[in-house]
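# Structural description and commentary
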Amino acid sequence: MPERFPQFLAIGEALTDLIRVEGEHWLAKTGGSTWNVARAAAALGLPSAFAGAISQCHFGDALWQASQAAELDLRFLQRHDRAPLLAVVPQSAPPSYFFIGENSADLHFDPQALPTGWQAGCQWAHFGGISLAREPLAQRLIALAEQLHAAKIPLSYDPNFRNLMGPGYLATFERMCRLATVIKLSDEDLAGLLPGLPPEQALARARAWNPSAWWLYTLGSKGAELLTPWGCWRAVPPPIKVVDTVGAGDASIAGLVASLLRQPADSPPGHLAYAVATGTAACAQAGATPPALAAVLKLKSQVSISEIISPTVVG
């Protein structure tokens, strides 16, 4: 019997958020943009894995155990006797953060060490986060994305802008946009990645790199837009009691991919509603907790969808 592999693979970084609370107390939380996407996809019923490397210390143990609890395929998670990657958050209002990860475990991820034959079962791969801004890891991941693109495996990409993505990241941003089938961008991503350009010009510039792609453009509490070669749609989320917005963007791209893979016959507005419902469900929970499928399905019917002539930022 041939070995079974996950349909969906999120490739990048898993890390530990060290959050300062109540003065001198620090709270450790498992996290990482691509790792969050993998867990959200698994919670939606998509056989999933996170491909990346973590440490062998206490922080790595927590990430391993959380990956196991999320029912991710652990064959894709590598461990190294290196320091952990940390995101240190001294304050959350206003946001302040920095990363500690010189020669840390994530940088030692080796795509060649992934299980033999895994690409035969892979129906979608996701890239993004700070992994694509950290060398030498970034060049290995870009090469892997190019290989998967050549093999006609659909890719999604979410840059998830952070302050370590300086001017040198622009070439990576453009390259990944050109490779991806689906690109998720927030209004904050655009402002950080293409500073100095009005939003409408920034979005037009990015879309020109890959006009055939689907672009999920998120606008925080205002909802999101899905921009395709055949039309554009806007989604307004239903009102909920927001507990935490952490991980909402990661959940939304996981929702869109899960909808495309599990309900391929659905319409673009239907896929958009599913994506926004997933992001909304994530906001109803504390931290980057993967939203439950039942909550997503309930919210999907409450998402308001309208067709638009052009994206919001153009107006």
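A brief report on the enclosed structure follows. (Residues numbered from 1 in each chain as written. Predicted model: local features only at pLDDT ≥ 70, side-chain atom pairs only at ≥ 80, totals over all residues. Heavy atoms only, no water.)

Quick look at the nonpolar core now. Ile11, Trp118, Phe127, Leu148, Tyr157, Phe173 and Leu185 are the most contacted members of the largest nonpolar core, which totals 51 residues. Per-element tally for this core: the top contributor is helix H3 (residues 137-150), with 6 residues. Each residue touching tryptophan 118, except ones within four places of it in the same chain, is listed here: Phe5, Leu9, Phe76, Leu144 and Leu148. Membership of the second largest hydrophobic core comes to 44 residues, among which are Leu63, Leu226, Ala235 and Ala277. (Core = buried A, V, L, I, M, F, W, Y, C linked by side-chain atoms within 4.5 Å. Buried < 20%, exposed > 50% of the residue type's maximum accessible area, 1.4 Å probe, protein only. Helix = DSSP H or I, 4+ residues; strand = E, 2+ residues; numbered from the N terminus. Contact = heavy atoms within 4.5 Å.)

Turning our attention to helix H7 (residues 248-262). The end-to-end C-alpha distance of H7 is 20 Å, a good match for the 21 Å that 15 residues give at a rise of 1.5 Å each. Counting buried residues in H7 gives 13 out of 15 residues, a clear majority hidden from the surface. (Expected span 1.5 Å × (residues − 1).)

Attention shifts here to the side chain of serine 33. Mapping serine 33 onto the fold places it in helix H1 (residues 33-43). What serine 33 contacts, discounting residues up to four positions off in sequence, is Glu13, Gly129, Asn160 and Asp250.

The next point concerns the packing of aromatic side chains. Here the distance between the centres and the angle between the planes together describe a pair of aromatic rings. Considering all chains together, one arrives at 6 aromatic pairs under this definition. When the centroid spacing of 6.3 Å and the interplanar angle of 85° are considered together, the rings of phenylalanine 5 and phenylalanine 76 count as edge-to-face. In this pair, phenylalanine 5 sits in the segment before strand S1 (8-11) while phenylalanine 76 sits in the loop between helix H2 (58-69) and strand S5 (77-80), placing the two residues 71 residues apart along the sequence. Both residues of the pair, phenylalanine 5 and phenylalanine 76, count as buried. Taken together, the ring pairs in this structure connect Phe5, Phe76 and Trp118 into an aromatic cluster. (Phe/Tyr/Trp six-rings, centres within 6.5 Å; stacked < 30°, edge-to-face > 60°.)

On to the sheet that holds strand S10 (residues 182-186). Strand order in the open sheet made by the 10 strands is S5-S4-S1-S8-S9-S10-S11-S12-S13-S14, with mixed pairing throughout. Strands with a single pairing partner mark the edges of an open sheet, and in this sheet they are S5 and strand S14 (304-308). For this sheet, the mean angle separating the axes of adjacent strands, direction not counted, is 15°. As defined by bridge partners, S10 adjoins strand S11 (residues 214-218) across 5 bridges and the pair is classed as parallel. Within S11, the position partnered with valine 182 by the bridge is tryptophan 214. Contacts from H1 reach S1, strand S4 (48-55) and strand S8 (124-128), with the element oriented near 145° to S4. (Pairing = 2+ DSSP bridges. Axes fitted to C-alpha atoms, helices over the stretch in contact; angles between N-to-C directions.)

Most of strand S12 (residues 224-228) sits inside the fold, with 5 of its 5 residues counted as buried. Both faces of S12 are covered, namely the face carrying Ala224, Leu226 and Thr228 and the face carrying Glu225 and Leu227. Sheet topology places S11 next to S12; 4 bridges connect them, and they run antiparallel. Its bridge partner lying in S12, tryptophan 215 is registered against leucine 227. Between the end of S12 and the start of strand S13 (residues 231-236), which pair antiparallel, lie 2 residues.

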